[in-house]
Amino acid sequence: MSHKRIPKRRAAMAAGGVVALGAAAILLPNANASQDGGSSDDAAAAPRTLKAADASDLAARLAGLLGDSFAGSYYDSGARQLVVNVVPGDNNQVVVQAEKAGAKVREVDNSMGELRGGAQTLKAEAGIPGTAWAIDPRTNKILVTADSTVTGDRWDRLESTVDGLGSGMATVRKSAGTFKTFASGGDAIFGGGARCSLGFNVTAGDGSPAFLTAGHCGVAADQWSDAQGGQPIATVDQAVFPGEGDFALVRYDDPATEAPSEVDLGDQTLPISGAAEAAVGQEVFRMGSTTGLADGQVLGLDATVNYPEGTVTGLIQTDVCAEPGDSGGSLFTRDGLAIGLTSGGSGDCTVGGETFFQPVTTALAAVGATLGGEDGGAGAGDAGGAGAGAGEEGDAGGAGDAGDGGAGAGDKGDKGDTGDAGDAGDGAPVGGRDGSGLTG
């Protein structure tokens, strides 16, 4: 008998939910046009209105175009614009190029090379368990975070290393919690005494159904069930943790398993149309089997976290809350793009804290999987459609986003069905921070 990964509480998206999800995806109809009827050159230099996913695509292309002058970028969600940092030089053409591409340009002091060099120094001299850092393009500095275990000599060592980077290169802040992975607790997938959350259903390289979850879950147990004490339904194929990421590919044991391209939000589902890179400043939502749905903002990219088990690099830093059992759970946008897999962090969903996520795009590339299955093409098309709506960049949305989305969806057919009682808490609150967010 095939095992269907269709949530017990699966339901069509309520009309109100559709409105809430779609509200942030509506773009100005003539985003490319000059607001004052000026010349085409004036219009080209005006910052364009972009969706976060399209802004991320534009940022990646500008990074290559601007070369050493590029000093990071972030998404201004209020203005719906991409802000690109540039290091001023003798040739002002870099600013002109970025503005013509539709970005808002800001001149800063620290180059990406200098900031990355500072991050390498931190790794070499202050790789202390309980610390994390990521480049924050909004401040043009390295944001260093230390949890409650970093005290005494270890705090002095961290502070001294940061001071040694020079004035204006980094800032340090304390976190009240403790950095840890979030495996245990939860009700989605069970293995080896641990409980985690399924992230996104995918299609493995050989065409078989599988799912992505956290790597620290994948190294904790080889086989996973969708019920505590139940028969295994999936076996770990690949897992990375610690090191260059925190992700695992887990194959369903039954090749006839149906793996929906959606996230179960509790009393409604959100179709996933593809995968996308995160952008600093972007609004994101997390679904986990312990705490359900939570929202927040991306704070940094390519983050390094020093967990007790070892150092993990290449993560997304956010202010979204999470708790044990949420590990592996999906991070996504309100318009259905897969962004990340829950890794770990500090705090909880009462007091808040920092949470780090494995980028989905990196995990997919590493394990050779794609989001979705036979309907993947349609999913990719949908992603492109949404991007094209942005209209502004031409290729920033349309074809470019479809590429990101690749095979299209493949979300949490997730064991949202494994713990109705636990998931009920899930749907609970959530509203977006702007008051119009997802509701459970």
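Residues numbered from 1 in each chain as written. Predicted model: local features only at pLDDT ≥ 70, side-chain atom pairs only at ≥ 80, totals over all residues. Heavy atoms only, no water.

Engineer: Could you clarify how one ought to interpret the pattern of salt bridges in this entry?
Structural biologist: A side chain with one charge can pair with a side chain of the opposite charge if their charged atoms come near. With the rule as written, the count across this model stands at 8 salt bridges. Among the salt bridges present, the one from Asp326 reaches Arg286, with a minimum N-O distance of 3.6 Å. Of the two residues, Asp326 is situated in the loop between β20 (310–318) and β21 (330–332) and Arg286 in strand β18 (residues 283–288); the sequence distance between them amounts to 40 residues. Taking relative accessible area as the criterion, Asp326 reaches 0% and is therefore assigned buried. Judged by its relative accessible area of 0%, Arg286 is buried. Overlapping salt bridges bring together Asp206, Asp237 and Arg251 as one network. (Salt bridge = Lys/Arg side-chain N within 4 Å of Asp/Glu carboxyl O. Helix = DSSP H or I, 4+ residues; strand = E, 2+ residues; numbered from the N terminus. Buried < 20%, exposed > 50% of the residue type's maximum accessible area, 1.4 Å probe, protein only.)

Engineer: Hey, could you run me through the sheet that holds strand β2 (residues 81–86) in this one?
Structural biologist: The pairing of strands in a sheet comes from backbone hydrogen bonds and takes either a parallel or an antiparallel form. Reading across the sheet, the 3 strands line up as β1-β2-β3 and stay open at both edges, with mixed pairing between neighbours. Unpaired on one side and paired on the other, β1 (70–76) and β3 (104–107) mark the two borders of the sheet. Strand-to-strand, the axes of this sheet are offset by a mean angle of 25°, without reference to chain direction. In this sheet, β2 lies alongside β1 in antiparallel orientation, the contact comprising 5 bridges. What sits directly across from Ser73, in β2, is Val84. (Pairing = 2+ DSSP bridges. Axes fitted to C-alpha atoms, helices over the stretch in contact; angles between N-to-C directions.)

Engineer: Got a minute to help me understand helix α5 (residues 112–125) in this structure?
Structural biologist: Note: α-helices contain 3.6 residues per turn, so residues at a spacing of three or four share the same orientation. Look at α5: 20 Å from first C-alpha to last across 14 residues, which is about the 20 Å you get at 1.5 Å a residue. In this structure, the buried side of α5 is in contact with β1, β4 (131–136), β5 (141–146) and α6 (152–164). (Expected span 1.5 Å × (residues − 1). Contact = heavy atoms within 4.5 Å.)

Engineer: I would appreciate a short explanation of the state of the cysteines in the present structure.
Structural biologist: Put plainly, a disulfide is one covalent bond tying together the sulfur atoms of two cysteines. This structure, assessed with the given rule, holds 2 disulfides. Here Cys196 is linked by a disulfide to Cys217, with a sulfur-sulfur distance of 2.0 Å. Taking the sign of the torsion about the S-S bond as the criterion, the disulfide between Cys196 and Cys217, at about -95°, is left-handed. Of this pair, Cys196 sits in strand β9 (residues 194–196) while Cys217 sits in helix α7 (residues 215–218), and the two are 21 residues apart along the sequence. Across this residue pair, the class does not change: Cys196 and Cys217 are buried. (Disulfide = S-S within 2.5 Å.)

Engineer: Just checking my understanding: could you explain the side chain of Ser346 for this structure?
Structural biologist: Tracing the backbone shows Ser346 in the loop between β22 (337–345) and β23 (355–359). Within the structure, Ser346 has its side chain in polar contact with the side chain of Ser175 (distance 2.7 Å). Here the side chain of Ser346 touches Glu354 through a polar contact of 2.7 Å, side chain to side chain. (Polar contact = N/O pair within 3.5 Å; in protein donor to acceptor, adjacent residues only side chain to side chain.)

Engineer: How do you make sense of unusual backbone geometry when you look at a structure like this?
Structural biologist: Put simply, Phe241 and Pro242 share a cis peptide bond, and its omega is -15°. Within the fold, Pro242 resides in the loop between β13 (234–240) and β14 (247–252). Of note, the phi angle at Asn140 is positive, near 60°, even though the residue is not glycine. Tracing the sequence through the fold places Asn140 in the loop between β4 and β5. Here Asn140 falls in the buried class, since its relative accessible area comes to 5%. Of note, Asp302 is a non-glycine position whose phi angle comes to about 55°, a positive value.

Engineer: Is there a simple way to think about the packing of α5 against α6 in this case?
Structural biologist: Two numbers describe a pair of packed helices, the interaxial angle and the distance between the axes. In contact at an axis separation of 10 Å, α5 and α6 are set at 150° when each is read in the N-to-C sense. As summarised for this structure, α5 and α6 are arranged roughly antiparallel, according to the angle between their axes. The handedness of the crossing between α5 and α6 comes out as right-handed. Where α5 abuts α6, its residues Thr121, Leu122 and Glu125 lie against Arg157, Leu158, Thr161 and Val162. Class assignment of the residues belonging to the contact of α5 with α6 gives a composition of 3 nonpolar, 2 polar and 2 charged. (Parallel < 35°, antiparallel > 145°, perpendicular 65-115°, else oblique. Left-handed = near helix turned anticlockwise from the far one by under 90°. Nonpolar A, V, L, I, M, F, W, Y, C, P; charged D, E, K, R; others polar.)

Engineer: Even after reading the chapter, I still don't get the pairing of strand β10 (residues 200–203), so can you show me in this structure?
Structural biologist: The alternating pattern of β10 places Phe200 and Val202 on one face and Asn201 and Thr203 on the opposite face, and all of these are buried. Bridge count between β10 and strand β11 (residues 209–213): 4 bridges; the pairing is antiparallel. When the bridges of β11 are listed, Asn201 appears paired with Phe211. Adjacent in sequence and paired antiparallel, β10 and β11 are bridged by 5 residues, among which Gly207 carries a positive phi angle near 90°. The pairing of β10 with strand β24 (residues 370–371) spans 2 bridges and is classified as antiparallel. Bridge pairing in β24 links Val202 to Leu371.

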